[in-house]
Amino acid sequence: MCGIVGYVGPKSTVEVLLGGLKRLEYRGYDSAGVSVITKAGALETRKRSGKLSVLVEDIDKNPLGDANIGIGHTRWATHGAPTDGNAHPHLGGASQKLSLIHNGIIENFAELKSELLEAGVTFASETDTEVAAHLIAAEYDASGDLVDAFRKVVRRLHGAFTILAVHEDQPGLVVAARRN
Ligand code: GLU
């Protein structure tokens, strides 16, 4: 397991997230990424394989908007090569409004992925993680309740993991779960 950070509050969110990931660097990782929901209400994501400094350079070139909420991740690849596309966060749903990060392994991801593929979902990565993003996005679209959607899906996941998610329509809420 590598690094995972969530923040809601008055400080500069990008600075808090990158500072948190910097402190967790000693744990080792191959990729890093962040999502924020800007004060203007847009979900924005930057993610890169390689060192945290590569992500920081990217954000310097393409700054993220001012935000009071966000999530940050360093990845140690278990499912899928350490590429930009497999780096977290992963977006879920047709609207791509849900952003999710995950450390650990979702052991039953293959059967969950088959279910989603049958339902016509397209995947942007080779990770086990992305199934959780799509499942939670679908539950949220059905109920409009992010906490409930998150709980329902986490109950279906097997393995040892930590998961954090935000949704563009819920700009005051980071949902989180840890198993084992
Ligand atoms: N299993 C996930 C992946 O390969 C998360 C790995 C991690 O703990 O960073 O993307």
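Okay, so let's go over this structure.

Scoring rules and cut-offs
Residues numbered from 1 in each chain as written. Predicted model: local features only at pLDDT ≥ 70, side-chain atom pairs only at ≥ 80, totals over all residues. Heavy atoms only, no water. Phe/Tyr/Trp six-rings, centres within 6.5 Å; stacked < 30°, edge-to-face > 60°. Lys NZ or Arg CZ within 6 Å of the ring centre and 35° of its normal. Near = heavy atom within 4 Å. Polar contact = N/O pair within 3.5 Å; in protein donor to acceptor, adjacent residues only side chain to side chain. Areas by Shrake-Rupley, 256 points an atom, 1.4 Å probe, with all protein chains shown as cover. Helix = DSSP H or I, 4+ residues; strand = E, 2+ residues; numbered from the N terminus. Core = buried A, V, L, I, M, F, W, Y, C linked by side-chain atoms within 4.5 Å. Buried < 20%, exposed > 50% of the residue type's maximum accessible area, 1.4 Å probe, protein only. Contact = heavy atoms within 4.5 Å. Pairing = 2+ DSSP bridges. Axes fitted to C-alpha atoms, helices over the stretch in contact; angles between N-to-C directions.

### Points about the packing of aromatic side chains
Alright, step 1. Counted under the stated rule, the structure contains 0 aromatic pairs.
Alright, step 2. One Lys or Arg, Lys113, reaches over the ring of Phe123 and ends 4.6 Å from the middle of that ring.

### Topic: the site of the ligand
Alright, step 1. Taken together, 14 residues surround the ligand, and among them Arg75, Thr78, His88, Gly104 and Asp128 come closest.
Alright, step 2. Between Arg75 and the ligand, the recorded distance is 2.6 Å, taken from a side-chain N or O atom to an oxygen atom.
Alright, step 3. Backbone polar atom of Trp76 to an oxygen atom of the ligand: 2.9 Å apart, as the coordinates give it.
Alright, step 4. Across the complex, the protein chains shield 98% of the 300 Å² of accessible surface that the ligand would expose by itself.
Alright, step 5. The set of elements that each furnish at least two residues to the shell around the ligand consists of strand E4 (67-75) and strand E6 (98-104).

### Quick word on the nonpolar core
Considering soluble globular proteins, one finds that nonpolar side chains tend to be buried as a cluster.
Alright, step 1. With 24 residues, the main nonpolar core has Leu98, Leu100, Ile106, Ile136, Phe150 and Leu157 as its most contacted residues.
Alright, step 2. Where this core is concerned, the elements lending two or more residues are E6, helix H3 (109-118), helix H4 (130-143), helix H5 (146-156), strand E7 (161-167) and strand E8 (175-179).
Alright, step 3. Sorting elements by how many residues they give to this core places H4 first, with 7 residues.
Alright, step 4. Not counting residues up to four positions away in its chain, the partners in contact with Leu100 are Ile71, His88, Pro89, His90, Thr129, Ala132, Ala133, Ile136, Ile163, Leu164 and Ala165.
Alright, step 5. By size, the runner-up hydrophobic cluster in this structure holds 15 residues, among which are Ala32, Leu52, Leu55 and Ile59.

### Examining the sheet that holds E7
Alright, step 1. As summarised here, the arrangement of the 4 strands in space is E5-E6-E7-E8, forming an open sheet in which the pairing is antiparallel. Among the strands making up the open sheet, the edge pair consists of strand E5 (90-92) and E8. Ignoring which end each strand starts from, the neighbouring axes of this sheet average 25° apart.
Alright, step 2. With 5 bridges joining them, E7 and E8 adopt antiparallel strand pairing. Following the sheet pairing, Ala165 is matched in E8 by Val175.
Alright, step 3. Where H4 meets the sheet, its contacts fall on E5, E6 and E7, and the angle it forms with E5 comes to roughly 30°.

### Considerations on the pairing of strand E1 (residues 3-8)
Alright, step 1. Covered by surrounding structure in E1 are Gly3, Val5 and Tyr7 only, the residues Ile4, Gly6 and Val8 on the alternate face being uncovered.
Alright, step 2. Relative to E4, E1 runs antiparallel, the two sharing 6 bridges. Counted as the bridge partner of Val8 is Ile69 from E4.

### Here's the deal with the environment of Asp30
Alright, step 1. Tracing the chain through its elements places Asp30 in the loop between helix H1 (13-23) and strand E2 (31-38).
Alright, step 2. Each C-alpha atom, one on Asp30 and one on Ile136, is 26 Å from the other, the two residues being 106 residues apart in sequence.
Alright, step 3. Non-local contacts of Asp30, meaning those with residues more than four positions away in its chain, are made with Ser49, Gly50, Arg75, Trp76, Ala77 and Pro82.

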